[in-house]
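Overview (structure and organization)
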Amino acid sequence: MHCGLFSRLRNTYCTRWAANKRLNQLIISRTVVNEVQFNMENDPLLKNLDGTQVKLLKEKCILVDRDDKVTGSASKKDCHLLKNINKGMLHRAFSVFLFNTSGQLLLQQRSSSKITFPDHYTNTCCSHPLYTAEELEEEEVIGVRKSAQRRLHQELGIQPHEIDLSEFQYLTRIHYKSGNVPVDGVWGEHEIDYILIVQKDVELNPNKDEVKMCKYITKEELQNMADEAESKGTLLTPWFKLIIDKFLYKWWNDLDNLSSHKDHTHIHRMVN
């Protein structure tokens with residue numbers, strides 16, 4: 001009997017391991033297919049940058065106009081160059097705020113190897129949908145939800161089956177722009193950012209190439225952290241600061257029913 005139980009447990013583990021491996025390979029293959037090819041070795045802008053992060057600059061992001069209408073695609077590199085941002089280049093993004101069932105927010109600190117805003121504290125996951133048929137799908141913002149599911153897996157090891165697409169609550173969009181910190185005059189952000197809220201307990205396995213650390217915090221702990229950030233030298237991403245100041249605590253108070261906060265027609269302009 002014990003042998004039979006051990007065999008079943010081993011088979012279950014092996015099946016899950018194989019499924020996870022296939023999923024990882026599929027995600028990687030889809031990303032590679034939708035890359036923009038450029039010469040990394042001879043580009044002075046990429047010198048001394050982390051190799052893994054440089055490879056991600058090949059990804060195709062979704063270009064949009066001020067009304068979030070798709071206008072084309074460009075590499076992640078081109079989307080984040082200040083010279084392009086200052087000419088008006090704008091791309092689609094998302095920000096996930098993941099709360100556990102105790103009402104704590106999962107905060108992450110970005111890896112030191114990130115090209116933009118290294119070592120900054122921010123919301124659970126921030127990234128970009130890719131210019132693919134799946135992630136361009138706009139009905140019920142399915143494409144953005146799929147991209148959030150993909151990046152939660154890549155950054156924090158959250159398996160896609162743990163958060164169903166229907167469990168991402170789409171609240172609203174914000175439009176913001178910022179130069180990089182530390183200031184380099186090269187990189188920045190200019191995004192229309194979809195806000196997604198999830199409340200669920202999940203298993204975490206952070207990717208050190210993306211995430212320096214992560215932890216769950218209470219509303220009061222975040223308030224203290226934000227209030228003391230400047231005096232203590234704590235780095236917060238610009239989009240996270242904007243969302244904290246204008247929206248986050250209202251959402252946090254109403255996690256049980258966010259319907260009054262859903263605004264799918266208005267894009268909040270938070271651009272200086």
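Residues numbered from 1 in each chain as written. Predicted model: local features only at pLDDT ≥ 70, side-chain atom pairs only at ≥ 80, totals over all residues. Heavy atoms only, no water.

**Brief notes about the environment of L90**
Going by this rule: The helix count covers DSSP runs of H or I at least four residues long, the strand count covers runs of E at least two residues long, and both are numbered beginning at the N terminus. Here's how the labels work: a residue is buried when its accessible area is under 20% of the maximum for its type, exposed when over 50%, partly exposed in between, all with a 1.4 Å probe on protein chains only. Any two residues having at least one pair of non-hydrogen atoms within 4.5 Å are treated as being in contact.
Looking at where L90 falls in the secondary structure, it is placed in the loop between α4 (82–85) and β3 (91–99). Given a relative accessible area of 4%, L90 falls into the buried group. Residue contacts for L90: discarding those within four places in its chain leaves I62, L63, V64, D65, R66, H175, H190, E191 and I192.

**Quick look at the pattern of salt bridges**
Basically, it comes down to this: A side-chain nitrogen of Lys or Arg and a carboxyl oxygen of Asp or Glu constitute a salt bridge if their distance falls within 4 Å.
Applying the stated rule across the entire model yields 13 salt bridges. When the shortest N-O distance is used, the salt bridge between R92 and E138 registers 3.1 Å. Taken together, the positions of R92 in strand β3 and E138 in the loop between α5 (133–136) and α6 (142–156) put the pair 46 residues apart, joining distant regions of the chain. Residue R92 is classed as buried on the basis of its relative accessible area of 2%.

**Description of α6**
Stated formally: A helix is expected to span 1.5 Å for every residue after the first.
Taking 1.5 Å of rise per residue, the 15 residues of α6 would be expected to cover 21 Å, and the 21 Å separating its terminal C-alpha atoms lies within 8% of that figure. Buried within α6 we find G143, V144, R145, S147, A148, Q149, R150, R151, L152, H153, E155 and L156. G157 sits one or two positions beyond α6 and adopts a positive phi of about 70°.

**Details of the pairing of strand β4 (residues 105–110)**
Note the following rule: A pair of strands is labelled paired if DSSP reports no fewer than 2 bridges between them.
Along β4, six of the six residues are buried, which leaves the element largely enclosed by surrounding structure. Here β4 shows two buried faces, one formed by L105, L107 and Q109 and the other by L106, Q108 and R110. In terms of strand pairing, β4 meets strand β9 (residues 211–217) through six bridges, oriented antiparallel. Note on β9: the bridge partner recorded for Q109 is M213. For β4 and strand β5 (residues 121–122), the ladder comprises two bridges, and the chain directions are antiparallel. If you follow Q108 over to β5, its bridge partner there is T122.

**Quick notes on the side chain of R150**
Put simply, the rule is: As used in this structure description, the phrase polar contact means that two N or O atoms lie within 3.5 Å; if the pair is within protein, one of them must be able to donate a hydrogen and the other to accept it, and residues adjacent in sequence are counted only when both atoms belong to side chains.
Take R150: it is sitting in helix α6. A polar contact of 2.7 Å, which involves the side chain of R150, links it to the side chain of E135.

**Thoughts on the packing of aromatic side chains**
In plain terms, the rule: For Phe, Tyr and Trp, rings pair up if their centres lie within 6.5 Å, where Trp contributes its six-membered ring, and each pair is then called stacked (planes under 30 degrees apart), edge-to-face (over 60) or tilted (otherwise).
According to the stated counting rule, one finds seven aromatic pairs in the structure shown. Here F97 and W251 contribute two aromatic rings whose centre-to-centre distance is 6.0 Å and whose plane-to-plane angle is 75°, an arrangement assigned as edge-to-face. Of the two residues, F97 is situated in strand β3 and W251 in helix α8 (residues 238–253); the sequence distance between them amounts to 154 residues. Taking the relative accessible area as the measure of exposure, F97 reaches 0% and is therefore buried. Measuring from centroid to centroid gives 5.4 Å for F247 and W251, while their planes differ by 10°, and the two rings are stacked. Residue F247 and its partner W251 are both found in helix α8; the two are separated by four residues, about one turn of the helix. The buried category is assigned to F247, whose relative accessible area is 9%. For W251, a relative accessible area of 3% puts it in the buried group.

**Details of the nonpolar core**
Let me state the cut-off plainly: Residue types Ala, Val, Leu, Ile, Met, Phe, Trp, Tyr and Cys, when buried and joined through side-chain atoms within 4.5 Å, form a set referred to as a nonpolar core.
The biggest cluster of nonpolar side chains holds 29 residues, and the ones touching the most others in it are F97, L105, I197, L222, F240, L248 and W251. For this core, the secondary structure elements donating two or more residues are β3, β4, β7 (169–179), β8 (188–199), α7 (219–232) and α8. With nine residues, the top contributor of residues to this core is α8. If you look at the next biggest cluster of nonpolar residues, it comprises 19 residues, including A148, L152, I158 and Y194.

**Here we look at unusual backbone geometry**
With an omega of 5°, the peptide bond between V181 and P182 qualifies as cis. Structurally, P182 can be placed in the loop between β7 and β8. Positive phi, close to 70°, is recorded for N48, a residue that is not glycine. Structurally, the position occupied by N48 is in the loop between α1 (2–33) and α2 (51–56). According to the relative accessible area criterion, N48 is exposed, its value standing at 74%.

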